[in-house]
Amino acid sequence: MLDKNKDHTKFNLKRYETDVTGVSINKLEAGLWWIKNRLFLKKILIVFLLFFIFITWIYSLYSIGDYLINGMKQDEKMLRELVNTKAGGKELLIARMAKDISISSAGALKNSSGYDFYATIKNPNENYQAIFSYCFMSGGEEIICGEDFLLPAQKKYILSLGIKDVSFSSGLKFVIKNTSWKRIKQKEIPDWKIYNQNHSNIEVKNISTVIEDGGNFISFSVKNETSFGFWEVPLVIIIEQGGKITTVNRYLLSQFASFEERQIKINWPDGADISGKISIYPNLNILDKNIYMEPAR
C-alpha cells in the first residue's frame, strides 16, 4: 500500500547513473547555478572594478598633490645644486672627504751636531689611514722634507735629527705637502681598535736614567706582546721638562720576534740633560704587510 503522507512525485536523481551522454547531474546542477547567479556575479565584479578604480584615482591624486607641494621644491633644490656644482663643487667634495691632518706643535732643538726638528700631528679620522709628504720650512724655504704615515685616530711625533747649516729667518713651520687617504675596509678589518691592539702592542717599561763614566744613559725594557714578529720596530724617544719638549731621539729594534723582551741602554751624547719625563713610542705601520717577519717553521 502507498503511504498517503509521502510525496511520491519527487525522486532522488543522485541515486541513478545519468551520465549516459557524458553530462552528469553534478555538471547540470553547476550549469544551472551559474545561469541563476551570473547576473549577481557580474554585479560583484563591477563593484570590485569600481572600487579598484576609485582607490587608484585616490592614490594618483595624492601623489600629484604631494609632488606639487613637496616634490617641486626638492626638484628646484636639486637643480640649484647641479647648477652650482662648478662654483661649489670643491666644497661639496671636501665635505665628503676625510678631515685634514691636524698639526699641534713644531720646534727645533739645538745640539752639538746641529738641530733636531720635531712636530706633533694627529689623524682626526677613525676610518682612514694617511700617507703623506712633509717639509720643515723657514721663511718659505724648505729645510728638510720626508714622507710618513698616520694610522686611524693616531697621534704621533715626526722627527728630523742632526740637521746642519740651518738659519731661521722667520721661525720654523711644519707643512704637509700631499696626503693620500686610504679607507679601512670593514670586510677586511671589522673592528679597528681590536686590530690595532693586537698588532701594535709593544710594551715599554722600567724607563730610567743612568750616569756611567761621565756619560748619560737611558735604560728601559721593551717587549713584543703581539703574535707577530717585526723586521724593524722604530722607537721615538721624547723628553719633556715642565710640559715642554727638551730632547728627542730615535732607536731601532731589528728582527723583534713575537713575545720577545729586550733590555735597552742608550748612550745620550754630548752630556745632554735627559732629566724629566721620558716617553717612548713605537712607530709601526701595522697596515704595511712588509713589516712582518714570516712565522718560524
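Our structure's up above, just so we're on the same page.
Described below are features of the structure shown in this document. This one's a predicted model, so the numbers in the text were calculated from it and none came from an experiment.

Conventions we followed
- Residues numbered from 1 in each chain as written.
- Predicted model: local features only at pLDDT ≥ 70, side-chain atom pairs only at ≥ 80, totals over all residues.
- Heavy atoms only, no water.
- Helix = DSSP H or I, 4+ residues; strand = E, 2+ residues; numbered from the N terminus.
- Buried < 20%, exposed > 50% of the residue type's maximum accessible area, 1.4 Å probe, protein only.
- Contact = heavy atoms within 4.5 Å.
- Areas by Shrake-Rupley, 256 points an atom, 1.4 Å probe, with all protein chains shown as cover.
- Pairing = 2+ DSSP bridges.
- Axes fitted to C-alpha atoms, helices over the stretch in contact; angles between N-to-C directions.
- Disulfide = S-S within 2.5 Å.
- Polar contact = N/O pair within 3.5 Å; in protein donor to acceptor, adjacent residues only side chain to side chain.

As a further point, take the overall build of the protein. Looking only at helices and strands, one finds three helices and 12 strands in the protein. The burial tally for the protein puts 29% of its 297 residues in the buried class. Taking contacts inside the protein between residues at least 6 apart in sequence as the whole, the part at least 24 apart equals 67%. Carbon and sulfur atoms form 56% of the exposed surface of the protein, whose accessible area is close to 21400 Å².

This next bit is on the sheet that holds strand β1 (residues 102-111). The antiparallel open sheet is built from three strands, whose spatial order is β1-β2-β5. Where the open sheet ends on each side, the last strands, each with one partner, are β1 and β5 (155-163). The mean angle between the axes of side-by-side strands here comes to 15°, regardless of whether they run parallel or antiparallel. Judged from the seven bridges that link them, strand β2 (residues 114-122) and β5 form a sheet pairing that is antiparallel. In the sheet register, A119 faces β5, and the bridge partner there is I158.

With antiparallel pairing, the three strands of this open sheet are ordered in space as β10-β9-β12. The open sheet has two edge strands with one neighbour each: β10 (244-256) and β12 (277-282). In this sheet, neighbouring strand axes are inclined to one another by 20° on average, regardless of whether the strands run parallel or antiparallel. Strand direction decides the pairing type here: strand β9 (residues 230-241) and β10, joined by 11 bridges, are antiparallel. Its bridge partner lying in β10, Q241 is registered against K244.

Moving on to the state of the cysteines. This model, assessed by the stated rule, comprises one disulfide. Disulfide pairing places C135 opposite C145 at an S-S distance of 1.9 Å. The chirality of the disulfide connecting C135 with C145 is right-handed, given an S-S dihedral of about 105°. Taken together, the residues C135 in strand β3 (residues 128-138) and C145 in strand β4 (residues 141-150) connect sequence positions 10 residues apart.

In this structure, D116 sits in strand β2. Looking at D116, the relative accessible area reads 9%, which means it is buried. Taking the C-alpha atoms as reference, D116 lies 9.2 Å from K164; in sequence the two are 48 residues apart. Ignoring any residue separated from it by four or fewer positions in sequence, one finds D116 in contact with G107, A108, L109, N111, S160, L161, G162 and V248. A distance of 2.8 Å separates the side chain of D116 from the side chain of N111, its partner in a polar contact.

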